[in-house]
Amino acid sequence: MTAESIGVEVDRISKRYAHRVKGEVYAARAVVLNVRPGAFLTLLGPSGCGKTTTLRMIAGYEMPDAGRIRFGGQDVTTEPANRRNIGFVFQNYALFPHLSIFDNVAYGLNVRKVPAAEVRQRVGEVLSLVGLAGYEGQFSGQLSGGEQQRVALARAIVIRPRVLLFDEPLSNLDAKLRVQMRHEIRDLQRRLAITTVYVTHDQEEAMAVSDRIAVMNEGSVVQEGSAEDLYHRPASQFVAQFVGRVNLVAARVLTVAGDAVSVAALGTTIGARAGRAGLAPGDAVRLVVRPESIVIAPAGGADGSLQATVTARTFLGEKIEYLLRCAGETLQVVRYDAGPGAAMPEGSNVTVRFAADAVTVLPEVAAKGTSDA
Amino acid sequence: MTGATAVMPAAGPTGVRRDPVVAAAVLALWLLLGLFVVYPLAMLFVRMLTDHGTFTTAGVVAILTDRHQVRAFWNSLLLATLVGIAGTVVGFLFAFTAARGRLPRWLLSIVDASVLLPLVSPPFTTAIAMIFSFGPRGLITYDLLGLKGVTVYGLTSTLCSEALTYFPIAYLTLRPILAAIDSNIEGMAFSLGASRWRVFRTVTLPLAVPGLANAFLLLFAASLADFATPLILGGNQFPVLPTQAYLQITGLFDLRGGAALSFVLLLPALIVFLLQRYWVSRRFYVTITGKGAGQTPFNSLSPAARGALLCACATVAVVIVYFYALLLYASLVMALGANHTFTLQHYRAIFTDGMKAIRDTLIIAAFAMPLGGLYGVLLGYLVAKRNFIGRRTMELVSMVNYALPGTIVGIAYLIAFNDPPIELTGTALIIVACYVFRYGPTGIRATIALLQQIDKSLEEASQGLGAGTATTFRRITLPLILPAFFAGLGVVFIRSMTAISATIFLVSIGWTLITVKILENITELSLGPAAAFSVLVVVIVFVVVAIIGRLLRLFRAPGAVPMTSLLGG
């Protein structure tokens with residue numbers, strides 16, 4: 001349906017705003033992104049991290065104060081949105097309330113002076129594609145949130161945009177529909193192979209739809225990679241905390257041997273992987289351990305493993321979540337192999353073991369910005 | 001949304017650029033505002049403070065120390081305060097009943113209609129009905145109660161008449177506010193153990209206080225500016241400023257005295273306007289979120305309270321309906337109170353002797369309506385969506401003629417346009433201009449309000465789909481503000497048919513108005529034709545409002561932002 005896919009290069013773009021209290025603030029600071037042709041990149045971050053501003057600059061709704069934006073190698077930095085040939089899906093859908101669904105979808109085609117017969121055909125096709133054939137005469141006010149979302153999507157893709165841009169498109173839908181729609185969006189994007197940039201603050205959604213994720217914080221991209229990279233090899237405490245749940249345990253480096261580190265934590269010695277280069281013995285660090293990487297068993301075996309007490313236990317069906325007290329620290333643990341007898345009651349003593357290669361060490365100083373994550 | 005928007009400055013127009021079309025429109029509007037708003041007011045001051053070209057305060061001082069005029073000043077304030085209180089109470093009663101009384105649909109539309117009636121009537125209708133009912137030969141005082149030598153003229157009847165005429169303003173102000181108070185909040189208080197009365201006293205009423213203050217100020221201003229009612233009902237016993245200014249000019253041909261009196265009126269009017277606009281209207285607790293209350297809203301009225309409220313509202317509604325029925329009856333009998341034979345002679349009279357007034361009024365309305373509508377949408381759009389130097393000032397200046405009592409505007413126009421360089425007295429243009437700049441602001445406010453409700457993402461979406469600024473305006477923005485245009489049209493038309501306070505100074509042998517004709521009829525005591533004229537005006541206004549309502553629905557796609565009231569603002 002689309003022409004040749006093109007890549008999107010965002011080259012150190014910045015945007016400043018005057019803030020009433022804080023003075024001049026960077027909404028985006030030297031943001032660098034490189035989206036391969038046909039790829040799906042998600043900008044993920046908390047409120048105020050600059051992801052929407054970055055997206056709006058890619059769209060041409062905002063002009064960067066510095067840096068360049070290139071579509072397929074062609075510099076579009078100074079082009080306004082109406083000359084960039086983009087498809088933009090707004091958080092509130094922004095359907096024109098005075099136009100029918102047909103006229104909404106046909107709008108971009110009419111602007112491009114596409115012949116009426118072709119407009120009819122293409123609108124019909126795209127509405128079928130999003131499962132709304134027969135809705136042509138309706139108005140946006142008569143549609144459910146999910147249907148409005150599909151119209152917004154149809155309106156964006158019918159013009160065969162070079163780049164498809166989404167600004168938190170699912171945040172107004174209920175949880176079930178959100179999951180369904182993100183599959184549909186992913187599916188459609190793969191079929192049409194349109195280069196896509198997607199903005200969300202929901203890490204699960206980001207993981208579900210994207211080829212690559214760029215985590216943003218305070219106007220900058222702090223890490224870019226696949227969902228697996230970000231989850232298993234976070235480069236900072238911020239990313240570790242923002243992508244998935246995590247235990248951050250205070251520790252001190254004992255020895256460093258290349259990538260392998262040995263640290264003192266929880267009153268014992270633990271082997272881990274260095275998340276950053278440049279660690280030295282004596283450094284204050286944090287252990288990064290995912291809740292599912294902690295193996296617990298009823299106490300009894302005296303194999304020198306860590307001892308802990310169960311302080312809280314939450315049964316959630318397919319999994320059980322535990323809070324443990326271990327050498328003065330609180331650990332979150334998730335167990336999925338919860339057969340009827342496997343549950344450990346609150347107050348019971350357990351042994352704790354970290355799964356091999358599951359522990360990463362990050363320097364303590366990287367804690368900046370984690371408090372509000 | 002990400003927090004990046006939190007640090008963004010106020011949403012600017014998309015694609016800000018020096019636009020020659022915008023610049024030309026701004027310049028043209030400033031010229032018009034200068035000519036028809038600033039210049040007349042300046043001339044009013046000049047006339048007040050000069051005597052044959054030399055500065056003097058003697059004329060002003062003479063007027064302001066005259067005991068009679070000082071009394072008129074205090075009378076005006078007293079009347080405005082009482083009307084403000086009485087009208088707000090009645091308006092609240094209706095609004096509360098409509099918002100919380102769980103009325104069936106048909107009953108609500110009856111309430112709405114009976115409340116709308118006084119708003120679209122010519123200014124003397126309730127006053128005439130008061131005389132018919134409570135005058136020396138009144139249906140109630142003389143025929144029913146057999147009282148003799150009753151005087152209807154004075155504070156009480158003026159107060160009652162004005163309260164009945166203006167309480168709909170309070171109703172229209174309060175109803176959306178009460179409706180927007182989430183009844184779950186009341187339910188919460190109730191569940192905490194408060195009685196219904198306590199819930200009303202401690203939750204509902206405090207939340208409505210800004211609305212009440214707003215309604216009071218609007219009514220205060222309306223009463224302060226009202227010229228027609230006290231002219232008919234005030235009598236010698238109860239002079240007020242607008243009538244005194246009118247008599248000073250038409251009776252004594254004292255323009256400077258009239259200017260001075262209207263200036264005295266200006267001060268409280270300005271204070272009330274500024275209070276209303278910049279203080280009260282920023283203190284609303286209730287914002288309309290569009291989030292509906294739960295399926296089972298709290299029933300905040302006990303059956304007894306509901307019954308009492310309904311009775312009170314019904315009483316007021318019955319009085320209104322009775323007044324209008326009486327008016328219709330009076331227009332169809334020889335002489336109400338004396339000879340009740342059916343006749344069409346009053347209608348024959350207004351369609352022969354009065355035909356010129358009818359024709360003139362309709363012609364003037366036909367010109368003022370589209371011009372006023374266009375003016376409102378254009379100025380509203382520029383102020384809301386475009387950035388130019390003096391934007392806020394333009395908005396404020398555009399409101400001046402709307403906020404000032406008509407008497408002031410009328411006298412200012414009379415003074416400004418009577419002599420060269422700009423001589424407009426005796427033309428239709430002066431009346432049209434008066435209407436456009438006095439009633440066009442309703443369209444401005446409606447346009448600004450609509451544009452504020454239209455998310456800027458709509459324009460961005462259009463832009464993203466490849467449309468330029470012009471296409472976006474034509475295909476997206478313009479259709480969405482069309483309701484404001486029609487609202488502006490409606491208000492300008494209604495006021496063109498019913499206004500008198502300003503235009504009484506501007507009519508001439510060449511161009512006259514129905515309302516002025518009604519006043520002449522009343523002063524000549526030919527109440528039959530006056531009643532017939534009033535009925536005619538009510539009918540015309542209702543027909544035109546209905547047509548505009550149809551057009552509104554025609555142009556409004558389902559789901560588009562609705563315009564709640566033709567008379568809002």
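Only a predicted model underlies this, so the values are computations on that prediction, with no experimental measurement involved.

## Considering the overall build of chain B
Scanning chain B from terminus to terminus reveals 22 helices and 4 strands. Residues classed as buried in chain B amount to 48% of the 569 residues present. Of the contacts made within chain B by residues no fewer than 6 positions apart, 81% connect residues no fewer than 24 positions apart.

## Observations regarding the sheet that holds strand β20 (residues 359–363) of chain A
Strand order in the closed barrel formed by 5 strands is β11-β12-β13-β20-β14 (chain A), with mixed pairing between adjacent strands. Looking at each pair of strands side by side, their axes are set apart by 55° on average, direction ignored.

## Some details on the pairing of strand β2 (residues 23–35) of chain A
All names here are of chain A. Across 9 bridges, the pairing between strand β1 (residues 8–19) and β2 is antiparallel. For Glu 9, the partnering residue across the bridge sits in β2 and is Asn 34. Where β1 folds back onto β2 in an antiparallel hairpin, the turn is made up of 3 residues.

## So, the domain arrangement of chain A
The accessible area lost on association of the parts is a frequent measure of interface size. Residues and elements named next belong to chain A. Domain boundaries assigned for chain A yield domain 1 (8–232), domain 2 (245–290 + 358–373) and domain 3 (291–356). Contacts between the two partners involve 11 residues from domain 2 and, on the opposite side, 13 residues from domain 3. Contributions of two or more residues to the side of domain 2 that touches domain 3 are made by β11 (247–257) and β13 (268–274). Split into classes, the residues belonging to the side of domain 2 that touches domain 3 amount to 6 nonpolar, 3 polar and 2 charged.

## Quick word on the sheet that holds strand β4 (residues 66–71) of chain A
Residue and element names in this part refer to chain A. The 4 strands lie next to each other as β2-β1-β4-β5, forming an open sheet whose pairing is antiparallel. Looking at strand neighbours, the two that pair on one side only are β2 and β5 (74–75), the edges of this open sheet. By the bridge criterion, 5 bridges tie β1 to β4 in an arrangement that is antiparallel. In the strand pairing of β4, Glu 9 is matched with Arg 70.

## Some details on the environment of Glu395(B)
By the secondary structure assignment, Glu395(B) is in helix α16 (residues 391–403). Remark: the alpha-carbon pair of Glu395(B) and Leu451(B), spanning 56 residues in sequence, is separated by 15 Å.

## Brief notes about helix α3 (residues 116–129) of chain A
All names here are of chain A. An ideal rise of 1.5 Å per residue puts 20 Å on 14 residues; α3 measures up with 20 Å between its terminal C-alpha atoms. Along α3, the residues that are buried comprise Val 119, Val 123, Val 126 and Leu 127. One side of α3 carries all its buried residues, which in axial view fall inside an arc of 100°. Among the exposed residues of α3, those oriented more than 90 degrees off its buried face are Ala 117, Glu 118, Gln 121 and Ser 128. Lining the buried residues of α3 we find α2 (101–111) and α4 (145–157). One or two positions beyond α3, positive phi appears at Gly 131, with a value near 75°.

Rules used in this analysis
- Residues numbered from 1 in each chain as written.
- Chains lettered and ligands numbered in written order.
- Predicted model: local features only at pLDDT ≥ 70, side-chain atom pairs only at ≥ 80, totals over all residues.
- Helix = DSSP H or I, 4+ residues; strand = E, 2+ residues; numbered from the N terminus.
- Buried ≥ 20, exposed ≤ 12 C-beta atoms within 10 Å, placed from the backbone.
- Contact = placed C-beta atoms within 7 Å.
- Pairing = 2+ DSSP bridges.
- Axes fitted to C-alpha atoms, helices over the stretch in contact; angles between N-to-C directions.
- Domains from an automatic or database assignment.
- Nonpolar A, V, L, I, M, F, W, Y, C, P; charged D, E, K, R; others polar.
- Expected span 1.5 Å × (residues − 1).
- Arc of directions from axis to C-beta.

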